[in-house]
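Spelled out, the chains give:
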Amino acid sequence: MEEKQAKKVLSEQERLELAAQLDRDLDAFISSLEKRRYTEGWPEDRWEEEMAKHPFFMQKSPEPGEPLSPLMEGLQQLKYDPQENTEQELADTYKEDGRFYMQHRKFRMAVLSYTEALRYKVGDAAYKAILYNNRSAANYSLKNYRTSLQDAQKALELNPDYDKPRWRAAQCASALDRFDLCVELCDTILQRDSTNSAAVELRKSCLARKAAQNRDSRKEARLEREKEQKWDRLVAELQKRMVKFEEPKALDDERKLRPRLAPLEDFMVSCDENGVLSWPVVFCYPEFQTTDFQQQLPETTKMQEVLEQLFEEPLEYDKAGLYRANKVNVYYENRILGFPYIVDKNKTIQEIVAERTFLVYQGTLTFYIVVKGSKQEESFVNQTRIPLKLNHW
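All of the points below concern the structure found in this document.

This part takes up the side chain of threonine 301. Among the structural elements, threonine 301 can be located in the loop between strand E3 (290-298) and helix H11 (303-310). For threonine 301, a relative accessible area of 15% translates into the label buried. Setting aside chain neighbours within four positions, we find threonine 301 in contact with Val306, Lys347, Thr348 and Ile349.

Dropping the structure here:
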């Protein structure tokens, strides 16, 4: 047997030189390789955006209609493809999606998911009852109380012992003011569990609200009857006085008697229980182009009394102090004839309105006040007026 050749022992200096040579050789080898840019990964400027599209890293699920990444599209095909899954598996998948969306408060998506699950004719009645109950819960969270009630009732048809949809149906009935149905459902709940304090309180609340609604309905009906009686009484008095209106068939529509001027619009002509009319009245001052208003002037008042009340305090714009009850004349215009008529100040409002030439316009009495013998009176009386041409006159 040959004697083994003795292994050369390297000194420390020689080992360092060898290591340095190996490093130089490796660097030279790497440098000799073909340099190519790596194109298989995510772009440097959009890596965060691309990462967010990856199913493992995305923080929110895609919205309906939103473009999907190829990987997500492939996963969805595996999850929802009818060729890869049975109808029961697809129904379970959509049911699980609905649960996920409910947990994340995406109730509209949950409704869509449970609706998809119900499309498949699988599962027994109890399974379908769960789907209807879950969709009812999603609709209830969206405040779609009518739809939620329908789903809850469908769940109860499929599974009469299912307590969750019965309670939700009671809540929906309460929200829809269907008090009788709510009480009926609460009674059923309490028959099954007499200690259900929530059902007790809801039942009590519904009965109280029903009583209040009935009371309000009776009050509203009474006010409506009183309103109709007042209208009938007003029309009868206006017809009795043969009051003439510029508008055609004014007594057929209450809106035609409502004043258009803002200070008077809430004060339509009215009739009290004694048959006395009160009129909204506008007094115009052509000289100053201003107006005064009387919102409810009783027809028993004489024009002289009205003027004394108007001028009890001097008009702000009457610097000469000419506007006094005994120094002014009052006119009204007949727009059909295109002519002004002077008012007898000793007559009552009722007597003035009863004159053959007096017309009520927009439910309002209109008078013009000018100083006797003044240029303003002459100008007002003699101004050119074009008669209105109305077919009903």
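A complete count under the given rule lists 16 aromatic pairs for this structure. Centre to centre, the rings of phenylalanine 288 and tyrosine 317 are 4.9 Å apart; their planes meet at 45°, and the pair counts as tilted. Note that phenylalanine 288 is positioned in the loop between strand E2 (277-285) and E3 and tyrosine 317 in the loop between H11 and strand E4 (328-334), a separation of 29 residues in sequence. The class for phenylalanine 288 is partly exposed, based on a relative accessible area of 22%.

Bringing the packing of helix H5 (residues 107-118) against helix H6 (residues 125-141) into the picture now. At their nearest, the axes of H5 and H6 sit 9 Å apart, and the two run at 160° to each other. For the element pair H5 / H6, the angle class is roughly antiparallel. Helix-helix and strand crossings are classified by hand; for H5 and H6 the assignment is left-handed. Between H5 and H6, the residues in contact are Phe107, Ala110, Val111, Tyr114, Thr115, Ala117 and Leu118 and Lys128, Leu131, Tyr132, Asn134, Arg135, Ala138, Asn139 and Ser141, respectively. Of the residues assigned to the contact of H5 with H6, the class counts are 9 nonpolar, 4 polar and 2 charged.

Once that is clear, we can look at the pairing of strand E6 (residues 365-371). Most of E6 is tucked away, with 6 of its 7 residues classed as buried. Sheet topology note: the E2/E6 ladder contains 4 bridges and is parallel. Note on E6: the bridge partner recorded for valine 281 is leucine 365. Bridge count for E4 against E6 is 4 bridges, and the pairing is antiparallel. By the bridge assignment, tyrosine 331 is partnered in E6 with tyrosine 368.

The buried count for E2 comes to 9 of 9 residues, which makes it a mostly enclosed element. Hairpin remark: strand E1 (residues 270-271) followed by E2, antiparallel, with 5 residues in the connecting loop; positive phi at glycine 275, about 85°. As paired strands, E2 and E3 are joined by 7 bridges and run antiparallel to one another. In the sheet register, phenylalanine 283 faces E3, and the bridge partner there is aspartate 292.

The rules we used
- Residues numbered from 1 in each chain as written.
- Predicted model: local features only at pLDDT ≥ 70, side-chain atom pairs only at ≥ 80, totals over all residues.
- Heavy atoms only, no water.
- Helix = DSSP H or I, 4+ residues; strand = E, 2+ residues; numbered from the N terminus.
- Buried < 20%, exposed > 50% of the residue type's maximum accessible area, 1.4 Å probe, protein only.
- Contact = heavy atoms within 4.5 Å.
- Phe/Tyr/Trp six-rings, centres within 6.5 Å; stacked < 30°, edge-to-face > 60°.
- Axes fitted to C-alpha atoms, helices over the stretch in contact; angles between N-to-C directions.
- Parallel < 35°, antiparallel > 145°, perpendicular 65-115°, else oblique.
- Left-handed = near helix turned anticlockwise from the far one by under 90°.
- Nonpolar A, V, L, I, M, F, W, Y, C, P; charged D, E, K, R; others polar.
- Pairing = 2+ DSSP bridges.

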